[in-house]
Amino acid sequence: MSKHLVVGAGLIGRPLAERLAARGNTVTIATRSGSAAAGASAVVLDASDPAAFTHAAADASTIFLCTNPPYTDWAAQWPPVYEAVIAAASATGARIVVMGNLYSYGSPTGAMTEHSSESTTEAKGLIRRAGWAKLRAAHDVGNIRAVEVRASDYFGPGATGTAHLGEAFFTAVLRSKTAHVVGKPNLAHSWSYLPDIVTTLIAAADYTGEWGRIWHVPSGTFSRVDIVGQLNAHYGTRGKVTGYPQVLLRSLGVANPMMHEVWASSYQFVVPFVIDSTETERALAVTATPWNEALIATAESYRSRI
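The present account deals with the structure reproduced in this document. (Residues numbered from 1 in each chain as written. Predicted model: local features only at pLDDT ≥ 70, side-chain atom pairs only at ≥ 80, totals over all residues. Heavy atoms only, no water.)

1. Looking at the pairing of strand 4 (residues 62–65)
Moving on, step 1. On strand 4, burial covers both faces: Thr-62 and Phe-64 on one face and Ile-63 and Leu-65 on the other are all buried.
Moving on, step 2. Where strand 1 (residues 3–7) and strand 4 come together, 4 bridges link them in parallel fashion. Among the inter-strand pairings, Leu-5 is bridged to a residue of strand 4, identified as Ile-63.
Moving on, step 3. When strand 4 meets strand 5 (residues 95–101), the two strands line up parallel, connected through 4 bridges. Within the sheet, the bridge partner assigned to Phe-64 lies in strand 5 and is Val-97.
Moving on, step 4. For the segment spanning strand 4, helix 3 (residues 74–92) and strand 5, crossover handedness is right-handed. (Buried < 20%, exposed > 50% of the residue type's maximum accessible area, 1.4 Å probe, protein only. Helix = DSSP H or I, 4+ residues; strand = E, 2+ residues; numbered from the N terminus. Pairing = 2+ DSSP bridges. Right-handed = clockwise from strand over helix to strand, strands pointing away.)

2. Quick notes on the pattern of salt bridges
Moving on, step 1. Inspection of every chain in the model, using the stated rule, returns 11 salt bridges.
Moving on, step 2. Residues Lys-124 and Glu-261 are paired through a salt bridge, measuring 2.9 Å at the closest nitrogen-oxygen approach. Of this pair, Lys-124 sits in helix 4 (residues 123–140) while Glu-261 sits in helix 9 (residues 257–264), and the two are 137 residues apart along the sequence.
Moving on, step 3. Salt-bridge contacts for Arg-303 lead to Glu-300; the nearest nitrogen and oxygen are separated by 3.3 Å. Of the two residues, Arg-303 and Glu-300 are both situated in helix 11 (residues 291–303); the distance of 3 residues between them amounts to about one turn of the helix.
Moving on, step 4. For Glu-300, a relative accessible area of 34% gives the class partly exposed. (Salt bridge = Lys/Arg side-chain N within 4 Å of Asp/Glu carboxyl O.)

3. Points about the pairing of strand 2 (residues 26–31)
Moving on, step 1. The buried count for strand 2 comes to 5 of 6 residues, which makes it a mostly enclosed element.
Moving on, step 2. As for the winding sense of the linkage, the β-α-β connection from strand 1 through helix 1 (residues 13–22) to strand 2 is right-handed.
Moving on, step 3. Sheet topology note: the strand 2/strand 3 (residues 41–44) ladder contains 4 bridges and is parallel. Looking at strand 3, one finds that Thr-28 is bridged to Ser-41.

4. With respect to the sheet that holds strand 1
Moving on, step 1. If you walk across this open sheet you meet the 7 strands as 3-2-1-4-5-6-10, and the pairing is parallel. The open sheet has two edge strands, strand 3 and strand 10 (214–216), and neither has a second partner. Between one strand and the next, the sheet's axes are offset by a mean angle of 20 degrees, whatever the strand orientation.
Moving on, step 2. Of the pairings in the sheet, the one linking strand 1 to strand 2 comprises 5 bridges and is parallel in character. Bridging from a neighbouring strand, His-4 pairs with Val-27 of strand 2.
Moving on, step 3. Strand contacts of helix 1: strand 1, strand 2 and strand 4, with the helix running at about 165 degrees to strand 2, the strand carrying the most contacts.
Moving on, step 4. On the sheet, helix 4 packs against strand 5, strand 6 (146–151) and strand 10 and is oriented at approximately 150 degrees with respect to strand 6. (Axes fitted to C-alpha atoms, helices over the stretch in contact; angles between N-to-C directions. Contact = heavy atoms within 4.5 Å.)

5. Some details on the sheet that holds strand 7 (residues 153–155)
Strands belonging to one sheet form pairs held by backbone hydrogen bonds; the direction of such a pair is parallel or antiparallel.
Moving on, step 1. In spatial order, the strands read 7-9-11; together these 3 strands make up an open sheet with mixed pairing. Edge positions in the sheet fall to strand 7 and strand 11 (220–222), since each of these pairs with one other strand and no more. Within this sheet the neighbouring strands show an average axis-to-axis angle of 45 degrees, counted without direction.
Moving on, step 2. Alignment of strand 7 against strand 9 (residues 189–193), held across 3 bridges, turns out to be parallel. In the strand pairing of strand 9, Phe-155 is matched with Tyr-193.
Moving on, step 3. In the packing of helix 7 (residues 224–235) onto the sheet, the strands contacted are strand 9 and strand 11, and the crossing angle to strand 11 comes to about 95 degrees.

6. Section: unusual backbone geometry
Moving on, step 1. Backbone geometry at Asp-59 places phi at a positive 75 degrees, although glycine is not the residue there.
Moving on, step 2. Judged by its relative accessible area of 68%, Asp-59 is exposed.
Moving on, step 3. The phi dihedral of Ala-285 falls on the positive side, at around 60 degrees, and the residue is not glycine.
Moving on, step 4. Its place among the elements puts Ala-285 in the loop between helix 10 (278–284) and helix 11.

7. Overview of helix 3
Moving on, step 1. In this model, helix 3 (19 residues) spans 26 Å end to end at C-alpha, consistent with the 27 Å of a helix rising 1.5 Å per residue.
Moving on, step 2. Every buried residue of helix 3 is accounted for by Trp-74, Trp-78, Val-81, Tyr-82, Ala-84, Val-85, Ile-86, Ala-88 and Ala-89.
Moving on, step 3. Tucked into the core, helix 3 has its buried residues touching helix 2 (50–56), strand 4, strand 5 and helix 4.
Moving on, step 4. One or two residues past the end of helix 3 sits Gly-93, with phi positive at roughly 85 degrees. (Expected span 1.5 Å × (residues − 1).)

8. A few points about a nonpolar patch on the surface
Moving on, step 1. A cluster of nonpolar residues, Tyr-244, Val-247, Leu-248 and Leu-252, forms a patch on the protein surface that exposes about 360 Å² of accessible area.
Moving on, step 2. For Val-247, the location among the structural elements is in helix 8 (residues 246–255). (Patch = residues over 30% accessible without salt bridge, like charges linked within 9 Å, V, L, I, M, F, W, Y side chains within 5 Å. Areas by Shrake-Rupley, 256 points an atom, 1.4 Å probe, with all protein chains shown as cover.)

9. What to know about the side chain of Thr-237
Moving on, step 1. For Thr-237, the location among the structural elements is in the loop between helix 7 and strand 12 (240–244).
Moving on, step 2. Judged by relative accessible area, which is 13%, Thr-237 ranks as buried.
Moving on, step 3. There is a polar contact of 2.7 Å between the side chain of Thr-237 and the side chain of Asn-232.
Moving on, step 4. Those residues in contact with Thr-237, other than ones at most four positions away along the chain, are Val-173, Leu-174, Ser-176, Leu-231 and Asn-232. (Polar contact = N/O pair within 3.5 Å; in protein donor to acceptor, adjacent residues only side chain to side chain.)

What follows is the structure in C-alpha cells.
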C-alpha cells in the first residue's frame, strides 16, 4: 500500500488527499494549521523547515507539494520550501510531485506545451521557474525524483476568492449582472477544472516512465465572452462581461500590494493564453472532464447560494 504526504490543504491539496485515501492509500496531509481531510492523517508542518519536512515525509513514497503562499509572500516563502522539499526527498527517497502553473512561460505567442521556452520576466514567474530549476537539477544528479504538474487558471465547485473564473464571475452572470474581469474577455484562455488537476497529479505520481519533466493538465479553452454566452443559454440569464482597464489595475496596485501582483500577472489575459496537453494526455491517459459538465457543475455550486 502506497503512503503519500500531501503538503497543503487548499482547493487542490484537500481533494487530492481525499481521492488518494479513497483508493486505499495511506495519506498524511500537512499544513501550518493542521487542517484535516477525510481519510487522511493531519499533521502540523512548517514546509520551510527541512528537518520537520523530512520527519513528516518518513516512509512516504510520494510528496505532493500543493501549498501556495499568498502572491505577496512568494519571494520570501517559496525558496525555502523548495530547499526543504529537496532535503526531505533526498533523505527519505520519496518522489516529489509539484503542483505548478504556467507563469514560467511568460507571455506566449502560441499554445504552451510541456517543452515551451520558459521566457517569463515577471517576478512570480521567475520564482516558480527557479524553484523547478532547483528540483530538476537535484533530479538530474540523482538526488531525488521529481516532476511538476502545470495547470492553467483553475475553476470548479468551491473556487472563491481571487479565482478568475470563480464565485464573483459566476454569481454576476447567474444574476444577469455584469462580471468584471482582468484583461480582455474576448480572448481564448485555458481553464483547468479542479477535479482534472487532481486526476493529473495522481497519474503523474503513478507514472512508471521517465521523471524529471513537466506535465500539463488537460483543460478547456474558451473566452470569457463565450463562457457567459454558454451560461446564459443554459440558464436563460442575461449576464455580461467586461474587462477592467489595465491602467486601473496598475493604479490600484500602487497602494495595494496584492492588486500590484494581480496587475503584474495580467499579461496572461491580454493575449490568447492556451495550454496544450497532448503529450500528457497520451502518456498519462488523462483527459479533461467534458466542458459543459464541468461548467454546469461549477455554476450549480454557486447557484445554490444566490
